[in-house]
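Chain and residue survey
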Amino acid sequence: MNEKDAVTSRRKIILSGIQPTGTFTLGNYLGAVKNWRHLQEEYDCYYFVADLHALTVYHDPAARRKASRAAFALLLACGLDPEQSLVFIQSHVPAHAQMGWMLSCLSPFGDLSRMTQFKDKSAKHPEDINAGLFTYPALMAGDILLYQADYVPVGADQTQHLEFTRNVAARFNHVYGETFRLPEGYFPKAGARVMSLQEPTAKMSKSDENAKATIYILDDEKTILKKFKSAVTDSEAEIAFREGKDGINNLMTIYSAVTGKSLDEITAEFAGKGYGDFKTAVGTVVADELRPIRENYARLMEDKSYLDAEIAKGAERAAHIAERTLKKTMRKMGLC
Ligand code: AQP
């Protein structure tokens, strides 16, 4: 095989991360992590716990340390195989912070100020609008470019980040010479945007203060059923997906993402049934889907030495790959 063939036949690299800002939600799972599991078959997958990104919002250090470890265990519990994929904790690989700084020096102020996440989080935490919140897109660009990722799975709310990363990479390549591969968005075939159960126009979020609004992937069956029972719907009695039925649309989206059934099939299945029956059905399939994850997680958390070893192994492998790009970037910038 000549060199060109070897290059073109390599498996493409996919990279994504999740913040350890709390136990993953059903949204994190159906919108991201469940797909990450399937992608392992086809791609070289790099998945990380984005603890440096989580620093932009105030946190308790001891709780964060535990949450990062728990997030790593949750990724494995959800089916990410550390033998097959590279799973690691971001801050354990110093190259991320180093690359983030170098790329922040190529990040236009104007572009940073237009980022929706900066605007949203500043509005949510007006008492703590810190520089990290402003420059996080440069850190994120570093996360992606360090591993020369081909694809980044993106939801509708993340295309801005990908565009930013591509612009920074192109600018760097232009100014300092060809260094970075420009990543493309990966738009999963399956994948759902899951909304809050109490306010179905807002996305389901780990850090929602109203626990009834969110299904956490470690919730037990009873809790899951109870939360779905109290989900906000509407005053009609028809299980159909259409504008104005945000609560029902959300439940149908969840049911579809878990069972693989189409929206039309779901409408047919529940024709003539009430919202109560539908809520119980959604709660039941979700509880069945999450049960093995909860069991895997409990097993992993009991096996401290296995978890520690996997965390260390992930960091070592990731650092090895990241260092190569970091060194090249530093050379190009005249730092070594
Ligand atoms: N509700 C959701 N529906 C579908 N996908 C979702 N994701 C998050 N919420 C939903 C996807 O999960 C991945 C990891 O997200 P993250 O931890 O990096 O940050 P986030 O998007 O800010 O998630 P949260 O749960 O809302 O966290 P907090 O409360 O800390 O801000 C991403 O791919 C995201 O799209």
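Residue positions are counted from 1 within each chain, in the order its sequence is given. Given that this is a predicted model, residues contribute local features only at a pLDDT of at least 70 and side-chain atom pairs are listed and counted only at 80 or more, while totals for whole chains, interfaces and linings are drawn from all residues. Only heavy atoms go into the side-chain values, all of them from the structure, while hydrogens and water stay out.

Looking at an unreviewed UniProt entry, one finds the protein named Tryptophan--tRNA ligase, with Selenomonas infelix ATCC 43532 as its source organism. UniProt positions are given in the numbering used here, feature names are shortened, and annotations may be inferred rather than shown by experiment. Under the heading Subcellular location (unreviewed entry), UniProt records this for the protein: "Cytoplasm". UniProt's Subunit (unreviewed entry) comment on the protein is quoted here verbatim: "Homodimer."

Let's talk about the site of the ligand
With respect to spatial proximity, 17 residues lie near the ligand, and among them T21, V194, S205, K206 and S207 are the closest. Any pair of nitrogen or oxygen atoms within 3.5 Å is treated as a polar contact; in protein, a donor-acceptor pairing is required on top of that, and neighbouring residues in sequence qualify only through side-chain atoms on both sides. T21 places a side-chain nitrogen or oxygen 2.7 Å from an oxygen atom of the ligand. S207 places a polar side-chain atom, nitrogen or oxygen, 2.4 Å from an oxygen atom of the ligand. Considering the ligand on its own, with 650 Å² of exposed area, one finds that the protein chains cover 88% of that surface. Helix and strand assignments come from DSSP, with helices taken as H or I runs of at least 4 residues and strands as E runs of at least 2, each series counted from the N terminus. Every element with two or more residues in the shell around the ligand is listed here: strand 1 (13-18) and helix 2 (26-39). The element that contributes the greatest number of residues to the shell around the ligand is helix 2, accounting for 4 residues. In this text, near means that some heavy atom of the residue lies within 4 Å of the molecule or strand in question. Using a 1.4 Å probe, accessible areas were evaluated by the Shrake-Rupley method; residue-level cover was limited to the displayed protein chains.

Considerations on the pattern of salt bridges
Side chains that carry opposite charge are capable of pairing whenever their charged atoms lie near each other. Here, a salt bridge means any Lys or Arg side-chain nitrogen found within 4 Å of an Asp or Glu carboxyl oxygen. Under the definition given, this model contains 19 salt bridges. A salt bridge links D111 to R171, with the nearest nitrogen and oxygen atoms 4.0 Å apart. Note that D111 is positioned in helix 5 (residues 109-113) and R171 in helix 8 (residues 159-176), a separation of 60 residues in sequence. Residue E221 pairs with R291 through a salt bridge whose shortest N-O separation is 3.0 Å. You can see E221 sitting in helix 9 (residues 221-229) and its partner R291 sitting in helix 12 (residues 275-302), a full 70 residues away along the chain. One salt-bridge network, in which partners are shared between bridges, spans D234, E236, E238, R242 and K245.

Notes on the side chain of N250
As for its placement among the helices and strands, N250 is situated in helix 10 (residues 246-259). Relative accessibility decides the category of a residue: with a 1.4 Å probe and only protein chains considered, values under 20% of the type maximum give buried, values over 50% give exposed, and everything between is partly exposed. By relative accessible area, N250 is classed as buried at 3%. Polar side-chain contacts of N250 include one of 2.7 Å to the backbone oxygen of M195. Two residues qualify as a contact provided that any one of their heavy atoms is within 4.5 Å of a heavy atom in the partner residue. With near-sequence residues (within four places) excluded, N250 lies in contact with R193, V194, M195, S196 and L197.

Notes on the packing of aromatic side chains
Side-chain rings of Phe, Tyr and Trp (the six-membered ring for Trp) are treated as a pair once their centres are within 6.5 Å; stacked means planes under 30 degrees apart, edge-to-face means over 60, and tilted covers the remaining angles. Taken as a whole and judged by the stated rule, the model has 14 aromatic pairs. Ring geometry for Y255 against F270: centres 5.5 Å apart, planes inclined by 75°, an arrangement best described as edge-to-face. Residue Y255 is located in helix 10, and its partner F270 is located in the loop between helix 11 (263-269) and helix 12; the two are separated by 15 residues in the primary sequence. Assigned by exposure class, Y255 and F270 land together as buried. Members of the aromatic cluster, joined through ring pairs, are Y46, F48, F88 and Y147.

Examining the nonpolar core
Residues belong to a common nonpolar core when they are buried Ala, Val, Leu, Ile, Met, Phe, Trp, Tyr or Cys residues joined through side-chain atoms within 4.5 Å. With 57 residues, the main nonpolar core has F228, I254, F278 and V286 as its most contacted residues. Top contributing element to this core by residue count: helix 12, with 11 residues. Here the limits of each domain have been adopted from an automatic or database domain assignment. The residue makeup of this core includes at least three contributed by each of domain 1 (13-191 + 304-333) and domain 2 (221-298). Aside from chain neighbours lying at most four places away, what touches I254 is L26, L30, V194, L197, F228, V282 and V286. Membership of the second largest hydrophobic core comes to 40 residues, among which are Y46, F88, M140 and Y147.

Digging into helix 6 (residues 116-124)
Each α-helix turn comprises 3.6 residues. Residues three or four places apart therefore point the same way. Looking at helix 6, one finds that the buried residues are F118, K121 and S122. Buried residues of helix 6, viewed axially, fall in a sector of 105°; they line one side. Summarising the geometry of helix 6, the exposed residues directed more than 90 degrees from the buried face are A123 and K124. For helix 6, the elements touching its buried residues are helix 5 and helix 7 (131-146). Directions are taken from the helix axis to each C-beta atom, and the arc is the one they span.

Considering the pairing of strand 1
Of all 6 residues making up strand 1, 5 are buried, and the element is well covered by its neighbours. Crossover handedness is defined by viewing with both strands directed away from the observer: a clockwise path from the first strand over the helix to the second marks the crossover as right-handed. Crossover connection from strand 1 via helix 2 to parallel strand 2 (residues 44-49): handedness right-handed.

Overview of the pairing of strand 3 (residues 86-89)
Both faces of strand 3 are covered, namely the face carrying L86 and F88 and the face carrying V87 and I89. In this view, the connection linking strand 2 to its parallel neighbour strand 3 by way of helix 3 (residues 61-77) has right-handed handedness.

Comments concerning helix 7
Relative to the 22 Å expected for 16 residues at 1.5 Å per residue, helix 7 spans 22 Å between its end C-alpha atoms, a close match to the ideal helical length. Note on bend: the value at a residue is the angle between axes fitted to the seven residues ending there and to the seven starting there. Most pronounced at P137, the bend in helix 7 amounts to some 40°. The element helix 7 is extensively covered by neighbouring structure, given that 13 of its 16 residues are classed as buried. Capping of helix 7 at its N-terminal end is provided by N130; its side-chain oxygen lies 3.1 Å from the backbone amide nitrogen of G132. Where helix 7 ends, the next residue or the one after it, Q148, has phi of about 50°, a positive value. The length a helix should cover is 1.5 Å for every residue beyond the first.

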